[in-house]
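Examining the three-dimensional arrangement
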Amino acid sequence: MSGTSAPAPARAASDPGFDVVAIGAGLGIYALTRAYHEAYGTVATVLAANAPEPLRRSVTSRVVDLPAGADDAARVARLVELAQARPAGRPAVLLCNSDGNVEFVARNAEVLSQHYALRYPSLEVVERLADKASFAEVCTDLGIDIPATEVVDFRDGTLPELPALPFDYPVVAKPAQAEPHVHVRMPGKKKIYPLHSAEELRDLISRLHAAGFRNRFVVQEMIPGDDTSMLSLTAYRSASGTITLMGGARVLLEEHTPEALGRPAAMITQDLPEQFAQMRRILDEVGYVGFANADIKVDPRDGVARFLEINPRIGRNSYYVTGGGANVAEVMVADAIEGRDPEPRVGLDEVLYSIVPFRLLLRYITDPQLAAQVKRIARARTVNPWRYRAEGLWLRGYSYAVPLNHIRKFRRHYPEPSADGF
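Conventions we followed
Residues numbered from 1 in each chain as written. Predicted model: local features only at pLDDT ≥ 70, side-chain atom pairs only at ≥ 80, totals over all residues. Heavy atoms only, no water. Salt bridge = Lys/Arg side-chain N within 4 Å of Asp/Glu carboxyl O. Helix = DSSP H or I, 4+ residues; strand = E, 2+ residues; numbered from the N terminus. Buried < 20%, exposed > 50% of the residue type's maximum accessible area, 1.4 Å probe, protein only. Core = buried A, V, L, I, M, F, W, Y, C linked by side-chain atoms within 4.5 Å. Contact = heavy atoms within 4.5 Å. Phe/Tyr/Trp six-rings, centres within 6.5 Å; stacked < 30°, edge-to-face > 60°. Expected span 1.5 Å × (residues − 1). Pairing = 2+ DSSP bridges. Axes fitted to C-alpha atoms, helices over the stretch in contact; angles between N-to-C directions.

The next subject is the pattern of salt bridges. Overall, the coordinates contain 25 salt bridges when judged by the stated rule. We note a salt bridge from Arg119 to Asp335, for which the minimum N-O separation is 3.0 Å. On the criterion of sequence distance, the pair formed by Arg119 in the loop between helix 5 (109-112) and helix 6 (123-130) and Asp335 in helix 12 (residues 328-336) is long-range, its members being 216 residues apart. Residue classification places Arg119 among the buried residues on the basis of a relative accessible area of 18%. The buried category is assigned to Asp335, whose relative accessible area is 5%. For Glu221, the salt bridge is made with Arg301, and the minimal N-O distance between the two is 3.2 Å. One end of the pair, Glu221, is in strand 8 (residues 216-221); the other, Arg301, is in the loop between strand 12 (290-298) and strand 13 (305-311), and 80 residues separate them in sequence. Linked through salt bridges whose partners overlap, the residues forming this network are Asp145, Glu221, Asp299, Arg301, Asp302 and Arg306.

Within the largest apolar cluster, 92 residues are counted, with the highest numbers of intra-cluster contacts made by Tyr36 and Leu361. If you tally residues by element for this core, the top one is helix 1 (residues 27-40), at nine residues. Look past the residues within four positions of Leu361 in its chain and what remains in contact with it is Leu252, Leu253, Ala266, Leu352, Ser354, Val356 and Val374. Core analysis: the next-biggest nonpolar cluster, separate from the first, contains 27 residues, Val286, Tyr288, Ala292 and Ala305 among them.

Summed over all chains, the structure comprises 12 aromatic pairs. Ring geometry for Phe154 versus Phe217: centroids 6.4 Å apart, planes at 70°, classification edge-to-face. Here Phe154, found in the loop between strand 5 (149-153) and strand 6 (171-175), pairs with Phe217, found in strand 8; they are 63 residues apart in sequence, far enough to count as distant. Overall, Phe154 belongs to the buried group, its relative accessible area being 0%. With a relative accessible area of 2%, Phe217 lands in the buried category.

On to helix 1, then. Given a rise of 1.5 Å per residue, 14 residues ought to cover 20 Å, and the 20 Å separating the end C-alpha atoms of helix 1 matches this to within 8%. Most of helix 1 is tucked away, with 14 of its 14 residues classed as buried. Gly41 sits one or two residues past helix 1 and shows a positive phi near 70°.

In this chain, Tyr169 is followed by Pro170 through a cis amide linkage whose omega measures 5°. Notably, Asn50 is not glycine yet its phi reads approximately 55°, a positive angle. With respect to the helices and strands, the residue Asn50 is situated in the loop between strand 2 (44-48) and helix 2 (53-57).

Okay, the side chain of Thr33 next. Within the secondary structure, Thr33 is located in helix 1. Judged by its relative accessible area of 0%, Thr33 is buried. Apart from the residues within four sequence positions on either side, Thr33 is in contact with Ala44, Val46, Thr60 and Ser61.

Moving on, we come to the sheet that holds strand 4 (residues 92-96). Strand order in the open sheet formed by four strands is 3-2-1-4, with parallel pairing between adjacent strands. A strand with exactly one partner marks an edge of an open sheet, and here the two such strands are strand 3 (61-65) and strand 4. Put simply, the sheet's adjacent strands are angled 25° from each other on average, direction ignored. Sheet strands in contact with helix 1 are strand 1 (19-23), strand 2, strand 3 and strand 4, and its direction is about 150° off that of strand 4.

It is worth stressing that arrangement in space is one thing and function is another; only the former is reported here.
Here's what the structure looks like:
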């Protein structure tokens, strides 16, 4: 079953009057450039090191190469150079979709804001939310449920002691901040570490210390339940402090390769009024600006939805929002270019978002009632961010190769569904 893909774009009849510049690469950036192309017919300038072929071949973007390892000064200089090449007075939005690039924009906001319309949280807010340890403190202060959490601190350079956990194994360990862990080189490195004993945690702490990791790790109680227990929530809070977009989805299947563990591969849109209200409280509390994406897991033991993290960006799988009828480009353009708050959009149209083959997806949905619901939604509307009818033959072919590649990945890393998703 393939369902239906997105309709051909309703292109702008004329120049929209602004440019789009993006930093980064991969599906997270493609989903954004596609949203802008659908809404306004724009071709985004994508500044990237080692940009993959799909971005180079896409009608939604043109790639400007950036030397690998370029520092802040080099990247700022290149962005200023691109800005100075625009006609005087012509605005541009600046897009990014990774923790490292959001932090880069926040660090250099004073200079970049002279050349681009920025709608991103301040560096203080980024550090407060992106750090899972301080995020846990924010949620605790607001009375919002999270998993039981302990922090292991590597920052002083000494080997941390094994923490005495007030909860039982198994546990989940993950970096408090994603970016410092990205640069760690060690055997057995994963995005998230499921651990089943104190010995496994002690071994991880030793390997991280030996590899030169000098930040914090959080160790959390493992909440039971497979991938279908996960919820995703995307919000936009404007410069005026208004929530103009709130959309949610139930995750059906996550990716399971070590470097991508936990990324949603398939979701169905879903209204989440209680979690929408909690997300609003968090964003208002910290004075957030721009897009944010939350990962939430429903605990089957008590039915409580516990916030795991809030990413200070729209998220790699943002096209579930655009595909659900709320084009993410439009809320940002209204705020950053037009200086207005549109009528708030809360909730999305019913849609299946998936980057994996439908038969593969059904293999991992063990609840018959959920499987029947997914089949019904898929018959009505399915979206895959890579399948865009405006693209040429090469990218169309690529859009069919991606799901087939996932078959190989799941056979290797997650051949059978499990009760805990690991």
